[in-house]
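Coordinates in review
Each chain, written out:
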Amino acid sequence: MASNYIAGSERDYSRGGGNPTWDALEDVIGALEGGTAVCFSSGMGAVDAVLDDLPPGAPVVHPEVAYMNMRANIARRQESGRLEARAVDITDTDATLAACDGAKLLWIESPTNPLLGIADVRALVAGAKQRGLEVAFDNTVATPLLQRPLEHGVDIVVHSATKLIGGHSDLLLGVAVCAEPDRAARLRELQNLAGSTPGTLESWLALRGVRTLHLRLDRSQQNAHELARRLASHPEVDRVRYPGLEDDPGHRRARELMRGFGSMLAFEPRGGPDRADAICDRVRVLVSATSLGGIETLIERRAKWRGEELVPASLLRLSVGCEHVEDLWDDLEGALEATK
Ligand SMILES: *Cc1c(COP(=O)(O)O)cnc(C)c1O
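For clarity, every value in this text was computed on a predicted model and none was experimentally measured.

Right, let's get into the side chain of Q221. Structurally, the position occupied by Q221 is in helix α9 (residues 213-232). Looking at Q221, its side chain comes within polar contact range of the main-chain nitrogen of F261, at 3.2 Å. Sequence-distant contacts of Q221, that is, excluding residues within four places in its chain, are made with L146, Y242, G260, F261, G262 and S263.

This part is about the domain arrangement of the protein chain. Splitting the protein chain by domain gives domain 1 (14-211) and domain 2 (213-338). For domain 1 versus domain 2, the distance between C-alpha centres works out to 24 Å. In this complex, domain 1 contributes 35 residues to the contact, which on the side of domain 2 involves 37 residues. Linking domain 1 with domain 2 are two salt bridges, by the criterion used here. With its nearest N and O atoms 2.9 Å apart, the salt bridge here joins R71 to E308. There are 13 residue pairs in polar contact (both at pLDDT 80 or more) connecting domain 1 and domain 2.

We now examine the site of the ligand. In the vicinity of the ligand lie 13 residues, with G43, D138, S160, T162 and K163 positioned nearest. For the ligand, an oxygen atom lies 2.6 Å from a polar atom in the side chain of T162. For the ligand, whose accessible area on its own is 380 Å², the fraction buried by protein is 92%. Split by residue class, the shell around the ligand holds four nonpolar, six polar and three charged.

A few words on α9. Between the first and last C-alpha of α9 there are 27 Å, a value that for 20 residues agrees with the 28 Å anticipated at 1.5 Å per step. Within the span of α9, buried status applies to L213, R216, L217, S220, Q221, N223, A224, H225, L227, A228 and L231. If you follow the buried residues of α9, they end up packed against α8 (200-210), β8 (237-241), β9 (264-269), β12 (316-319) and α12 (325-338).

What the rule picks out here adds up to 25 salt bridges. R11 is paired through a salt bridge with E10; the nearest N and O atoms lie 4.0 Å apart. Using a relative accessible area of 74% as the deciding quantity, one classes E10 as exposed. Between K340 and E337 there is a salt bridge; the shortest N-O distance is 3.3 Å. Note on K340: relative accessible area 63%, which makes it exposed. Take E337: its relative accessible area is 46%, and that puts it in the partly exposed class. The structure contains a network of salt bridges with shared partners spanning R71, E300, R302, E308 and R317.

Attention shifts here to the packing of helix α3 (residues 43-52) against helix α7 (residues 181-194). Two elements in contact, α3 and α7, have axes whose closest approach is 10 Å; the angle formed by their N-to-C orientations is 110 degrees. What the angle tells us is that α3 and α7 run roughly perpendicular. Our pair here, α3 against α7, has a crossing hand that is right-handed. Of α7, the residues touching α3 (which contributes A49, V50 and D52) are R183, L187 and L190. Split by residue class, the contact of α3 with α7 holds four nonpolar, no polar and two charged.

Structurally, A66 is set in the loop between β2 (58-63) and α4 (68-79). Spatially, the C-alpha atoms of A66 and P114 are 6.7 Å apart, while their sequence positions differ by 48 residues.

This next bit is on a nonpolar patch on the surface. A cluster of nonpolar side chains, M1, L201 and W204, forms an exposed patch at the surface whose accessible area comes to about 380 Å². By the secondary structure assignment, M1 is in the segment before α1 (14-17).

Here we come to the pairing of β2. With six of six residues buried, β2 is to be regarded as a mostly interior element. The alternating pattern of β2 places A58, V60 and H62 and P59, V61 and P63 on opposite faces, both of which are buried. A crossover links β2 with its parallel partner strand β3 (residues 83-88), the connecting element being α4, and its sense is right-handed. As paired strands, β2 and strand β4 (residues 105-109) are joined by two bridges and run parallel to one another. Along β4, the bridge assignment pairs V61 with L106.

What counts and how
- Residues numbered from 1 in each chain as written.
- Predicted model: local features only at pLDDT ≥ 70, side-chain atom pairs only at ≥ 80, totals over all residues.
- Heavy atoms only, no water.
- Helix = DSSP H or I, 4+ residues; strand = E, 2+ residues; numbered from the N terminus.
- Polar contact = N/O pair within 3.5 Å; in protein donor to acceptor, adjacent residues only side chain to side chain.
- Contact = heavy atoms within 4.5 Å.
- Domains from an automatic or database assignment.
- Salt bridge = Lys/Arg side-chain N within 4 Å of Asp/Glu carboxyl O.
- Near = heavy atom within 4 Å.
- Areas by Shrake-Rupley, 256 points an atom, 1.4 Å probe, with all protein chains shown as cover.
- Nonpolar A, V, L, I, M, F, W, Y, C, P; charged D, E, K, R; others polar.
- Expected span 1.5 Å × (residues − 1).
- Buried < 20%, exposed > 50% of the residue type's maximum accessible area, 1.4 Å probe, protein only.
- Axes fitted to C-alpha atoms, helices over the stretch in contact; angles between N-to-C directions.
- Parallel < 35°, antiparallel > 145°, perpendicular 65-115°, else oblique.
- Left-handed = near helix turned anticlockwise from the far one by under 90°.
- Patch = residues over 30% accessible without salt bridge, like charges linked within 9 Å, V, L, I, M, F, W, Y side chains within 5 Å.
- Right-handed = clockwise from strand over helix to strand, strands pointing away.
- Pairing = 2+ DSSP bridges.

Put into structure tokens, the structure is as follows:
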């Protein structure tokens, strides 16, 4: 807990000179992803630094449905002529690569938030490299325990460590992990000049959280898979999206590219957005709240947010936590029954 250090010691001022707690967290996440990590004050701090480092007017190819504030950041930069946004369906490899011609950066998110689409990372990276693009990958939803994008040739992985890495819904923190140490050094310079440095306490909490990431993820993805299976055969549910379900459009790719199917799922109850809202009001074990990756199960109707117009209106996103699966199912089934 120090902003400055005694003259002549290894560090001088923490914004530019760092802090031992950030170093420890960067070592851990860098090792997990297999690159050089730089921590930021939030996931958006990391996203912003990657985008800020592009030349003026650079075309950026990004998923049209993906984390909404990443898209909002790109859109804002486009409005002021700082970037050119090219939105694609990232699960459509041919369309994505066609948009990559003449572009500077390909931004991948997979599984996508909140539709849980799976991108063909290998083919996208190969095609992007051929065309001379840099590739960034938001690995928040899967975590490095399920996939390590740098191994596929991705240049920069970003995380909202607010989510699964922290794991307890009690901090904001972001990370960018670079394949090249020089790229990490540039991001660290931007972090210093923008002042988007992480808090020491938050870094310490994230270090404590990451120690149980494997346990939390094991449990929460088991729960997610079971809930997805049960929802898929429930008569009051129109559609379930979870890459672990065999008939999910992303299943084959997820099996090939990921070591597990993750803790996020989405479903559309019969009866439209009002029914979906009523389910959120009704649950007692699940928590009606935004965000994801905590030990508690969260439920949210995503399309209520501005900027999520491409998300089906009644889609409920679940970030599944570590509770007993039967408690979760009783609650969900009860809410489906009560809102018929
Ligand atoms: C939450 C989130 C972010 C942004 O992270 P913050 O820590 O909230 O700034 C970025 N990407 C994804 C996929 C997210 O879920």
